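What the coordinates show
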Amino acid sequence: MSTLDEKAKEASTEAVDEVETVLPPKEKKQDNGPWGYIILFFIIGFAASLVIGWGIFPKLLYSQKKQPIDFNHVIHVEAVEEGCESCHFFREDGSFSGVPKLVQCVDCHEEVMGEDPNEVKFVEEYVAKGQEVPWLVYSKQPDCVFFSHIAHVKMGKIECDTCHGHIGESTHSRVYEENRFTGYSRDIWGKNIAGLKKNTWDRMKMDDCAECHAENKAVPKTVERLPWPISWMPRPYEKPTSSQVRTQIDKDACFVCHK
Ligand code: HEC
Ligand code: HEC
Ligand code: HEC
Ligand code: HEC
Ligand code: HEC
């Protein structure tokens, strides 16, 4: 972004230099001199860099994938008896069911019941063939990360929305965006390309997990101030306060969240 800005500015001032030398001095009828051009080119350059940085770059960075079936949460939360838990529940051993499997749908969708083309597609292509729907998981973390729903939902009493946003109230599945370089879902690194965060669910990087843990003193304190040579290490629990950054001394600390 910043280098694009600089380039755009360079380009606009170069362009202005040229304009100045081309213009014969006598023809300067108006007395606003080169400033009009400088401002004009600055605005054009600035606008172009904004378009590239905020519009085109994210489009190039993320590839978009549609969910195999467009799923309507609103109809379903009404149709089922126990709300979210009818489909997203905890098993007896405490593990989380995650995205529902076909068995949870067939009671109602054994046969096509309405006229919705999505339902027809769902029944014909998946239910009839006994084939699971390959849902894309927006919140998917890399394989090295350990996350347990029961610790957060039951013990931590945190609402689904805090981490996922209002997916439970949506009438359509949104597109899944995958970072072309890292393979991460866009929900992890953030909707905003500059990493700004308005809502708790806008981003779920290592620092975001750690920030909430620090606020809630959720996981035993495992950070200590350490001298500089190891300051490059990630600081999962607390933000650095000075050039002496904080890092972990407990060797096992990383394995709270990493397998
Ligand atoms: C009839 C079953 C059903 C019910 C009831 C239901 N869901 Fe879902 N949910 C699904 C299916 C199927 C998906 C996968 C498709 C999708 O992501 O749109 C899903 C996906 C999700 C996801 C996306 C996870 C991710 O990161 O990809 C969240 C969050 C979620 N549901 C929350 C909720 C909440 C909150 C409720 C209650 C208000 C709820 N669901 C009720 C079936 C259900
Ligand atoms: C309690 C019964 C019930 C269960 C369980 C259920 N559905 Fe539905 N589903 C409905 C009803 C009712 C409709 C609305 C039918 C209509 O009018 O077209 C519907 C509509 C749909 C539609 C078309 C509307 C849309 O979402 O775009 C799809 C697709 C669908 N269901 C998929 C699923 C999947 C996948 C599951 C399993 C995770 C599931 N359903 C579980 C009752 C259910
Ligand atoms: C503290 C944050 C947090 C809360 C609260 C939370 N989730 Fe999640 N959820 C996550 C993370 C992180 C993942 C990705 C886990 C992974 O990839 O290992 C996830 C994954 C999921 C998935 C996809 C799982 C899969 O792999 O099939 C569903 C569905 C889901 N959550 C639904 C819910 C529902 C419903 C609730 C509320 C009852 C909820 N979550 C509460 C953070 C949270
Ligand atoms: C909104 C706040 C919040 C966010 C975001 C959050 N956590 Fe937590 N986490 C908690 C709380 C609160 C607990 C302690 C729950 C308890 O034991 O009472 C916890 C506990 C844990 C534990 C310990 C579970 C156990 O078995 O004792 C792990 C592991 C964990 N979180 C991983 C993660 C990861 C990975 C992420 C990011 C993907 C994350 N958390 C995001 C609040 C959060
Ligand atoms: C609070 C939970 C948590 C703790 C504690 C934690 N991590 Fe992470 N870490 C994550 C999550 C979530 C991700 C994936 C999202 C991201 O890249 O920010 C991640 C990603 C990473 C990655 C990048 C992996 C990849 O495939 O891209 C590295 C490397 C890493 N962590 C190292 C560490 C080290 C070293 C420690 C101990 C000093 C540590 N982490 C402690 C949650 C945690």
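Residues numbered from 1 in each chain as written. Chains lettered and ligands numbered in written order. Predicted model: local features only at pLDDT ≥ 70, side-chain atom pairs only at ≥ 80, totals over all residues.

Quick word on the overall build of the protein
Helix and strand content of the protein: 10 helices and 4 strands. The N-to-C order of helical and strand elements in the protein reads α-α-β-α-α-α-α-α-α-β-α-α-β-β. Out of the 259 residues in the protein, the part that is buried amounts to 8%. Long-range contacts, defined here as pairs at least 24 residues apart, represent 62% of the contacts in the protein between residues at least 6 apart. (Helix = DSSP H or I, 4+ residues; strand = E, 2+ residues; numbered from the N terminus. Buried ≥ 20, exposed ≤ 12 C-beta atoms within 10 Å, placed from the backbone. Contact = placed C-beta atoms within 7 Å.)

Focus: the site of ligand 2
Looking at ligand 2, there are 21 residues lining it, with N72, C105, C108, G114 and E119 nearest. At 5 residues, the largest contribution of residues to the shell around ligand 2 is made by helix α5 (residues 103-109). Here the shell around ligand 2 is built from residues that sort into 11 nonpolar, 6 polar and 4 charged. (Near = placed C-beta within 6 Å. Nonpolar A, V, L, I, M, F, W, Y, C, P; charged D, E, K, R; others polar.)

Observations concerning the site of ligand 4
Close to ligand 4 lie 22 residues; M155, G156, C209, C212 and A218 are nearest. Those elements that provide at least two residues to the shell around ligand 4 are α7 (149-155), α8 (160-164) and α10 (206-215). The element best represented in the shell around ligand 4 is α10, accounting for 4 residues. Partitioned by chemical class, the residues of the shell around ligand 4 number 14 nonpolar, 7 polar and 1 charged. Each of domain 2 (73-99 + 135-189) and domain 3 (206-256) contributes no fewer than three residues to the shell around ligand 4. (Domains from an automatic or database assignment.)

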